[in-house]
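Commentary on secondary and tertiary structure
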Amino acid sequence: MKKVIVLLLGLIFSTYGYAQNDDEKQIKKIYNQALTKGKAYDWLNYLSNQIGGRLSGSVQAQLAVDYTKAQLDSLGLDRVWLQPVKVPKWVRGTPEFAYFETSPGLSTNVSICALGGSVATPLGGLKAGVVEVQGIEDLEKLGKSKIEGKIVFYNRPMDPTLISTFAAYTGCVDQRYSGAEEAAKYGAVGVIVRSMNLRLDDYPHTGSMGYGDTPVSKRIPAAAISTKGAELLSTTLKLSEDTQFYFKQNCKQFDDVESFNVIGEIKGSEFPNEIMVVGGHLDSWDLGDGSHDDGAGCVQSMDVLRLLKTTGYKPKRTIRVVLFMNEENGLRGGNKYAEVASNKKEKHVFALESDAGGFTPRGFSFDCSDENLKQVQSWKTLFEPYYIHLFEKGYSGADIRPLKDDQMVLAGLRPDSQRYFVHHHAENDTFEHVNKRELELGAASMASLVYLFDKYGVVK
Ligand SMILES: [Zn+2]
């Protein structure tokens, strides 16, 4: 009896070892292919340098749809299509201009940019006194008497002690998103928000903002100021309380326009009705060329399907790449994709998003059950040779979140985040700041995770 058990155990372990060995080999193939014949970097070069910033509703966004569809068409997938979606169209207009004035005629220019969705200033610009706050909660303490007729200057910096810069971003971004809506309630005439950037430099960082249910006539203009500009303005206000701030912007919101999610898929050989999604968002802000946010995630996702194909892997489940439109200022693409999936009663079992920059991958965060996380963690040793070590519960991605149900696994690629917010939503989010190998390692890591989930399935 003992002998039988020992034999059985031996068999189990050798089968397991054999499977591990197969997985090691397949993953090695994926990394080798990505690092020697990867396509992600070339695709990104085109998206960034031939097309550029791809704000929803822009000509560039449409060019990006056409280009990525043509590239997916060339990969020999089973199906490539465009999914129509109406998106908002906001246009920045001519470059913004700002200065502060400590006494008549004595002024200092600072770098600003309109926040996405903001209204324009009056035609001749807006000039007013400034009240600096560390956050929305300060408004109530100050009250209407101190705020009315002023420009509110939100200056709470990102917390440098947080190792995840995304956590630091989350700790600040309410100022950008809701700052104008809240300040308008106290009679402010405009808001200036410190850029979400950990570095001191002269780039203002845009990003979405909303007015909630503020009536159109009560909406006040909102702009981001560079971190250096914010420091200078803050110091100046301490010396001279009566400093006046001037800014001018002529951005405009138009009616919604038609755009598309770009989708390609490889049909599953065993479970074609079980769908696995890998994606990023194709739109970007308009200041840079959106290389890190999120050109990188798009080209990595496209390469995932190519890597599986070129390494000879035949997925059991249907694997889809989805390039979502309008993550930045509306999430219409993510919502539309989930809506269509639900109308068609499609069964999504897994979704992975890359939307945290094209930097060296560290691992993944998972929005899933404990059982599924356990399964992922059992694959840790397969990723060790590639220095991928982070497998934890957490946020997946904005575009795939609308798909969430309690059965599926949602995941986000987690690259090193230390430099991300230097570039995020700013003019310096450009191609030269993406490292080819780092980008390719991300694509290979994603393809490996997709491979494992396809092969072993999600735990139900
Ligand atoms: Zn993004």
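See above for the structure.
Observations regarding the sheet that holds strand β1 (residues 79–91)
Reading across from one edge, β1-β10-β12-β11-β13-β16-β14-β15 is the order of the eight strands in this open sheet, with mixed pairing throughout. Two strands close off the open sheet at either side, each with one partner strand: β1 and β15 (390–393). When the angles between neighbouring strand axes are averaged without regard to direction, this sheet yields 20°. Pairing analysis gives six bridges linking strand β14 (residues 361–367) to strand β16 (residues 409–415), with the strands arranged antiparallel.

Examining the packing of aromatic side chains
Applying the stated criterion across every chain, the model contains 21 aromatic pairs. Ring centres of Tyr99 and Tyr246 lie 4.9 Å apart, and the angle between their planes is 20°; on these two criteria the pair is classed as stacked. Taken together, the residues Tyr99 in strand β2 (residues 97–103) and Tyr246 in strand β9 (residues 244–248) connect sequence positions 147 residues apart. Taking the relative accessible area as the measure of exposure, Tyr99 reaches 17% and is therefore buried. Tyr246 sits in the buried class, given a relative accessible area of 12%. What links up through ring pairs into an aromatic cluster is the set Phe166, Tyr169, Tyr420 and Phe421. Directly above the aromatic system of Trp81 lies the positively charged group of Arg79, at a separation of 3.7 Å from the ring centroid.

Some words on helix α2 (residues 40–51)
Across its twelve residues, α2 extends 16 Å between first and last C-alpha, which sits within 8% of the 16 Å expected from 1.5 Å per residue. All buried positions along α2 are accounted for by Ala40, Trp43, Leu44, Leu47, Ser48 and Ile51. What you see down the axis of α2 is that its buried residues fit within an arc of 120°, all on one side. Elements in contact with the buried residues of α2: α3 (59–73), α8 (291–310) and α13 (436–456). In the stretch just after α2, Gly52 is the one whose phi turns positive, near 95°.

Here's the deal with the coordination of the zinc ion
A metal bound by six donors in octahedral fashion has ideal angles of 90 or 180 degrees, whereas one bound by four tetrahedral donors has an ideal angle of 109.5 degrees. Distances from the zinc ion to its protein donors, His281 (NE2), Asp293 (OD), Asp355 (OD) and Asp355 (OD), fall within 1.9 to 2.8 Å. Counting along the primary sequence, the residues that act as donors to the zinc ion give the motif H-x11-D-x61-D. Here His281 is found in strand β11 (residues 271–281), whereas its partner Asp355 is found in the loop between β13 (347–353) and β14, with 74 residues between them in sequence. The same class applies to His281 as to Asp355, namely buried.

About the thresholds
Residues numbered from 1 in each chain as written. Predicted model: local features only at pLDDT ≥ 70, side-chain atom pairs only at ≥ 80, totals over all residues. Heavy atoms only, no water. Pairing = 2+ DSSP bridges. Helix = DSSP H or I, 4+ residues; strand = E, 2+ residues; numbered from the N terminus. Axes fitted to C-alpha atoms, helices over the stretch in contact; angles between N-to-C directions. Phe/Tyr/Trp six-rings, centres within 6.5 Å; stacked < 30°, edge-to-face > 60°. Buried < 20%, exposed > 50% of the residue type's maximum accessible area, 1.4 Å probe, protein only. Lys NZ or Arg CZ within 6 Å of the ring centre and 35° of its normal. Expected span 1.5 Å × (residues − 1). Arc of directions from axis to C-beta. Contact = heavy atoms within 4.5 Å. Donors = N, O, S within 2.8 Å, 3.2 Å for Na, K, Ca; no water.

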